[in-house]
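Spelled out, the chains give:
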Amino acid sequence: METSGRIATTPDVLDFTVENVEKGLHQLYYDPNIENKNLAQKWLMQAQVSPQAWQFCWALLSPDKVPEIQYFGASALHTKISRYWSDIPSDQYETLKTQLFSQIACFSSGSKMVLTRLCVALASLALNTMPEVWPGAVPEMVRVFQEEGGGVDGRARCLALLELLTVLPEEFQTSRLPQYRKGQVRGALGREWGSVCPLLQQLLRQGDSPGAVKARVLRCLSSWVLLDVPLSESEGLVEDCFTALPDPELFDTAVEAIVNAISQPDSQRYVNTLLKLVPQVLSLQEQLREAVQNGDMETSHGICRIAVALGENHSRALLEQVEHWQGFLALVNMIMFCTGIPGHYPVNETTSSLTLTFWYTLQDDIMSFDSERQAVYLQVYRPVYFQLVDVLLHKAQFPSDQEYASWSSDEKEQFRIYRVDISDTLMYVYEMLGAELLSNLYEKLGRILTNTEQASSWQHTEALLYGFQSIAETIDVNYSDVIPGLIGLLLRININNVQLADTVMFTIGALAEWLADHPVMLSSVLPLVLQALGNPDLSISSVSTLKKICRECKYDLPPYASNIVAVSREVLSKQIHKTSQCMWLMQALGFLLSALHVEEILRNLHSLITPYIQQLEKLADETPNPSNKLAIIHILGLLSNLFTTLDISKQEDESGESTALPVKTAPPPPGPNPVVVVLQQVFALIQTVLSKWLNDSQVVEAVCAIFEKSVKTLLHDFAPMVSQLSEMLGQMYSTIPQASALDLTRQMVHIFARETDHFPPIKALFELVTSVTLSIFQQGPRDHPDIVDSFMQLQAQALKRKPDLFLSESLDVKAVFHCGLLSLKFPEAPTVKSTCLFFTELLPRCSDVPPVARVVQENGKLLLQAVLEAIGGGSSRSLMEQFAEVLFSLNKHCFPLLTVWLKEVLQAQGFPSTRVTTEQKDTFTQQILRERVNKRRVKDIVKEFTLVCRGLHGTEYAAEYCL
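Position numbers for residues start from 1 in each chain and track the written sequence from start to end. Restriction of local features to residues with pLDDT of at least 70 applies here, the model being predicted, together with a cutoff of 80 or more for giving and counting side-chain atom pairs; totals for whole chains, interfaces and linings are based on all residues. The side-chain figures draw on all heavy atoms in the structure; neither hydrogens nor water molecules are used.

**A word on the overall build of the chain**
Inference 1: Numbering goes from the N terminus for both helices and strands, where a helix is a DSSP run of H or I of at least four residues and a strand is a run of E of at least two. Counting secondary structure elements, the chain contains 45 helices and 0 strands.
Inference 2: Expressed as lengths along the three principal axes of its C-alpha atoms, the size of the chain is roughly 105 × 90 × 65 Å.
Inference 3: Three labels apply to residues, based on accessible area from a 1.4 Å probe with only protein chains included: buried if under 20% of the type maximum, exposed if over 50%, partly exposed otherwise in between. Evaluated residue by residue, the chain yields a buried proportion of 53% over its 963 residues.
Inference 4: Two residues form a contact once any of their heavy atoms are found within 4.5 Å. When contacts within the chain are restricted to residue pairs at least 6 apart in sequence, long-range pairs at least 24 apart make up 73% of them.

The following block contains the structure:
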């Protein structure tokens, strides 16, 4: 120990005495210096697992010590018993048990936290010794604590016993017992329930039992039912829990006990018990109504949890009891009351959200019956679900403007999520109610919008529209005969509120596919959308709706195109929308222009992007600074998003964001593609921008994105630009290598490498970027994992699309191979995955690309070594599938060489891990060499071997990994 009174943590002074442990605890709790606290904590953790812990832990429990010190002693005991049980000689079990009983008795009137830790320690001992060594553990616990003596009063002994019985199942749930032991111990504990249940029942029914005892009984029941004890055996006890609900002190623990008991998966087997519980739950309705009336959210929440637990977990079992249908229907109506509980979520109530899953479950169970029984149930429950729709739409209503303004941003966000949950429920309910639901909503909306005598609140209108939107967003409503009427009603709405306007917009967006089939209605809705486009408060809803309409209805929009472009241009020039909405708007315009004639596209493009080109010219002349950098990236982003969706081929490609590269079959219109025309016009300007910003990866990425998205959309229409873009990319990458340039090169290789006309510039570009990257590897690639990742992907793509690129004398295949070996050892998982992909593409080329065959023959052993090193523990286990694929590829394409290499490499002592024996390595070799067809089997072999190498084989951890 140091003379200052602080503990020392160097190995030679790890003196775990009582005095030192007390000093360590004092330092942990009271030293103001955080470093000293951390040192103390580390030292104390070592002390807790040390052999000396057996000596100091009992001394620390001395009555003259403060609770913090006693607690550490009790925790040390638990640690030793639960984690180092095998260190305890079997002849010490009885002594240890007696000491623990004695300490628990002493602390039954002392510190609660110390008592709990001692109970957990004894529970751990019981779990490690039952059923063989300590077969009657629970009866003995009950007997010991029922005996009088030791100066401990009966109430304290009773509470200590209940604490012990409560932590016993909890300790089982978190114990580290091997799987086979878990099954044995679970069975033994299940049999002990016969001793526990009568005791708990007796204590709960005794009129003179103190509240603290009853609360502990309820907690104990909660703990035991998690062991799946039969509901029929705890039936009486669960019913007794209902009698505790009127007591405010016991309410929460009683609710928890009932919910846990009802929710056990096994409880659905005990239908008779469940039927007895239904009236018990229904009897809580009066207490529920009173709680709602008095604004007692805790009580209403708890009762709702009980009703939902019974309904949600057992709806099918209860539905099947046809003679008791009225009782179950009453329970369903009770849950309906909880769904429609008065007040606004989450400010006035938090209960209604608990019920939503129940309605899914009930519907699923009804629809799972055969058609005859289903028809009977639907007769009863269709009206219930129509009522549910009314209740949900009422709950989805916004509060008054004044009240909503007073809500915090967190409350508003919770309400938004709650409305999304309601929307999902409505969409699901539609499957049961069908077209009648839409008619129902339409009639209600029609009534409130055409009623001239009584004005309706905007909240009511908005909620009904929200219901329409929820269904139309995901369900095909094209056949519905109410949609034309709905469009007519939309035009009648007096939109004087942002929330209402938002929902009107989203509803129109949800009907975009319907509008594509009924284009005559576009003239009615487009003015609403274009007007909303100018309101920054409606930014997301108006832009996303216009994008949907432009995507779905583009072939019907040419008459409106000039107006849409003009409004969009004006909105963009005013800069009222955030960057992401500006990008969406450009995508919308891309869809719109795709359906026009080429001359019209060029004319609209000219008017739309000329202001941005002029701005970009101005920015290109300025000295680089953070402000003009953002403006440049914004303009380049607008062009990228426009070109993402501007596709004049006949085949529609709905998602401009798709990374797939579809092959388009329709012949392109004559003449150059409009996007290519524009790119050629601005190419020199982009080069000027690049020359000033080549050091900035974000600007380079933005430039590459324009071409990458254009290439993906245009595919072979991009051909006129291949030569000049290849040249620019080569210059860019030679000056300052960046991953985005490699990614764009990969796209070019994918599309154009097989075309004779474009092969020369693609080949020159590929060789140049490969040469530059090889020099990066010579200097040390660790600082550029993104470049290494993209480079490996590029090489894999080249091997896949045009392996002839590897026939070139200018390409150093051996150097590329060695770069791959280095990349396999990178810590970044994406880089390693890309490198494995490179090798799985390279190895099959041994047969048709001689330079590849030579390199693999000379250096393949190094690859095998690197793969086995990774499997042996050098790489994350999450990457084993990728390494297995490389091994499988070696086996399939280099079998004669692999048989020799495996023998040579695995001969090394301690390789690939000191944990594997020679026999295990031989078995692994034989298993691998046998599998030249079944890749899945090779992956399983590698998974198994890596666990052996890491010392994890046979553990629970391994079981989860191998699933």
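Here the narrative resumes, following the displayed structure.
**Here's the deal with the UniProt feature "domain: Importin N-terminal" (unreviewed entry) in the chain**
Inference 1: Under the local residue numbering, the UniProt record ascribes the feature "domain: Importin N-terminal" (unreviewed entry) to residues 40-106.
Inference 2: Here residues 40-106 runs as 73% helix and 0% strand, with 29 Å between its end C-alpha atoms. UniProt positions are given in the numbering used here, feature names are shortened, and annotations may be inferred rather than shown by experiment.

**Let's talk about the domain arrangement of the chain**
Inference 1: Segment limits for the domains were obtained from an automatic or database-derived domain assignment. Split into domains, the chain comes out as domain 1 (13-87), domain 2 (90-206) and domain 3 (856-962).
Inference 2: Distance between the C-alpha centres of domain 1 and domain 3: 44 Å.

**So, the pattern of salt bridges**
Side chains that differ in sign of charge can pair as their charged atoms come close.
Inference 1: Between Lys or Arg on one side and Asp or Glu on the other, a salt bridge is scored when a side-chain nitrogen of the former is within 4 Å of a carboxyl oxygen of the latter. Summed over all chains, the structure comprises 32 salt bridges.
Inference 2: In this structure, the salt-bridge partner of K112 is E163, at a minimum N-O distance of 3.4 Å. One end of the pair, K112, is in helix α6 (residues 112-129); the other, E163, is in helix α8 (residues 154-174), with 51 residues separating them in the sequence.
Inference 3: Residue classification places K112 among the partly exposed positions, given a relative accessible area of 40%.
Inference 4: Note on E163: relative accessible area 1%, which makes it buried.
Inference 5: Residues E767 and K763 are paired through a salt bridge, measuring 3.0 Å at the closest nitrogen-oxygen approach. Of this pair, E767 and K763 both sit in helix α36 (residues 759-779), 4 residues apart, which is roughly one turn of the helix.
Inference 6: Given a relative accessible area of 14%, E767 falls into the buried group.
Inference 7: What makes K763 partly exposed here is its relative accessible area of 26%.
Inference 8: Salt bridges linked by common partners bring E881, E885, R936, K939 and D940 together as one network.

**Comments concerning the nonpolar core**
Generally speaking, soluble globular proteins have nonpolar side chains that are buried together.
Inference 1: Of all hydrophobic cores here, the largest spans 338 residues; its most connected members are Y381, F707 and F718.
Inference 2: Beyond its immediate sequence surroundings of up to four residues, F718 is in contact with V676, L679, F707, S710, V711, L725, M748 and F752. Buried Ala, Val, Leu, Ile, Met, Phe, Trp, Tyr and Cys residues that are joined via side-chain atoms within 4.5 Å together make up what is termed a nonpolar core.

**Quick notes on the packing of helix α14 (residues 285-293) against helix α15 (residues 297-319)**
In a packed pair of helices, the relevant descriptors are the angle between the two axes and the axis-to-axis distance.
Inference 1: Every axis in this analysis is a line fitted to C-alpha atoms, fitted for helices over the stretch in contact. Angles between the N-to-C directions lie between 0 and 180 degrees. For the pair α14 and α15, interaxial distance at closest approach is 8 Å and the crossing angle is 145°. At the point where α14 passes α15, the crossing takes the left-handed sense. Residues Q287, L288, A291 and V292 of α14 form the contact with α15, whose participating residues are T299, S300 and I303.
Inference 2: Considering only residue class, the contact of α14 with α15 consists of 4 nonpolar, 3 polar and no charged. Each helix crossing is assigned a hand: it is left-handed if the near helix lies turned anticlockwise from the far helix by less than a right angle, otherwise right-handed if that turn is clockwise. Each residue is assigned to one of three groups, with Ala, Val, Leu, Ile, Met, Phe, Trp, Tyr, Cys and Pro labelled nonpolar, Asp, Glu, Lys and Arg labelled charged, and all others, Gly among them, labelled polar.

**Observations regarding unusual backbone geometry**
A negative phi angle characterises most non-glycine residues, just as the trans form characterises most peptide bonds.
Inference 1: Cis geometry is adopted by the peptide bond preceding P131, which originates at M130 and carries an omega value of 0°.
Inference 2: As for its position among the elements, P131 is in the loop between α6 and α7 (137-146).
Inference 3: Omega for the peptide link from Y345 to P346 comes to 0°, which places this bond in the cis form.
Inference 4: Here P346 shows up in the loop between α16 (325-339) and α17 (356-367).
Inference 5: At D228, a residue that is not glycine, the phi angle is positive and equals roughly 65°.
Inference 6: Here D228 lies in the loop between α10 (211-225) and α11 (235-244).
Inference 7: The class for D228 is partly exposed, based on a relative accessible area of 32%.
Inference 8: Of note, L715 is a non-glycine position whose phi angle comes to about 50°, a positive value.
Inference 9: Considering the arrangement of structural elements, one finds L715 in the loop between α33 (697-714) and α34 (722-735).

**Comments concerning the environment of P827**
Inference 1: Along the chain, the position of P827 falls in the loop between α38 (813-823) and α39 (829-842).
Inference 2: Residue class for P827 comes out exposed when judged on its relative accessible area of 61%.
Inference 3: Each C-alpha atom, one on P827 and one on Y442, is 59 Å from the other, the two residues being 385 residues apart in sequence.

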